[in-house]
Amino acid sequence: PVKTFTFRVCLWSRSKIWRDLELAEDQTLEDLHLAIQESFHWMDDHLYSFFMSGRAWDKHTEIGSPGSEARQHTHQVTLENLELRAGRKFLYLFDYGDEHIFDITVQATNPRASGKNYPRVVGRQGRAPAQY
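Presented here is a report on the structure given in the accompanying data block. (Residues numbered from 1 in each chain as written. Predicted model: local features only at pLDDT ≥ 70, side-chain atom pairs only at ≥ 80, totals over all residues. Heavy atoms only, no water.)

Estimates place the volume of the largest pocket at around 160 Å³. For the largest pocket, the full set of lining residues is L21, D31, L34, A35, E38, S39, H41, P119, R120, V121 and R124. Those elements giving two or more residues to the lining of the largest pocket turn out to be α1 (29-39) and β8 (120-125). Per-element tally for the lining of the largest pocket: the top contributor is α1, with 5 residues. Partitioned by chemical class, the residues of the lining of the largest pocket number 5 nonpolar, 2 polar and 4 charged. (1 Å grid on protein atoms, 1.4 Å probe; cavity = no way out; pocket = protein on both sides within 12 Å on 5 of 7 lines; lining within 4 Å. Points joined across faces, edges and corners; volume = space filled by probe spheres on them. Helix = DSSP H or I, 4+ residues; strand = E, 2+ residues; numbered from the N terminus. Nonpolar A, V, L, I, M, F, W, Y, C, P; charged D, E, K, R; others polar.)

This is the structure in structure tokens:
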């Protein structure tokens, strides 16, 4: 068994568009980023950051993409090291120029998941908008 986290990823500008993603505890924030990109059918062609405070551009809680100027980078931070629990919220900002902002909420944790392939989409609502 493996511990998993289920995240609701909701586009700020269109709150009725969301994806529920399940990831294993040993996966990274980079894995979460890539799962978001894939679930919205967008191209991974811009810098991005997660802000654990839920406030965009909060340098104290920013975990940025590889190549960004953040103190921590997403490929180095596993989910198990983020003290995630159901109800925890944080922010994902993709493309520093266009600022596509997503609210992320931890929907659930499962300490004894069956060990399926992760990440995976476990729920969705709404059609993803075009990236450009």
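A word on the pairing of strand β3 (residues 48-51). Here β3 shows a buried face lined by Y48 and F50 and a second buried face lined by S49 and F51. Relative to strand β6 (residues 89-94), β3 is paired through 4 bridges, and the arrangement is antiparallel. Within β6, the residue paired with F51 across the bridge is L91. Here 3 bridges tie β3 to strand β4 (residues 62-64), and the two strands are oriented antiparallel to one another. By the bridge assignment, F50 is partnered in β4 with I63. (Buried < 20%, exposed > 50% of the residue type's maximum accessible area, 1.4 Å probe, protein only. Pairing = 2+ DSSP bridges.)

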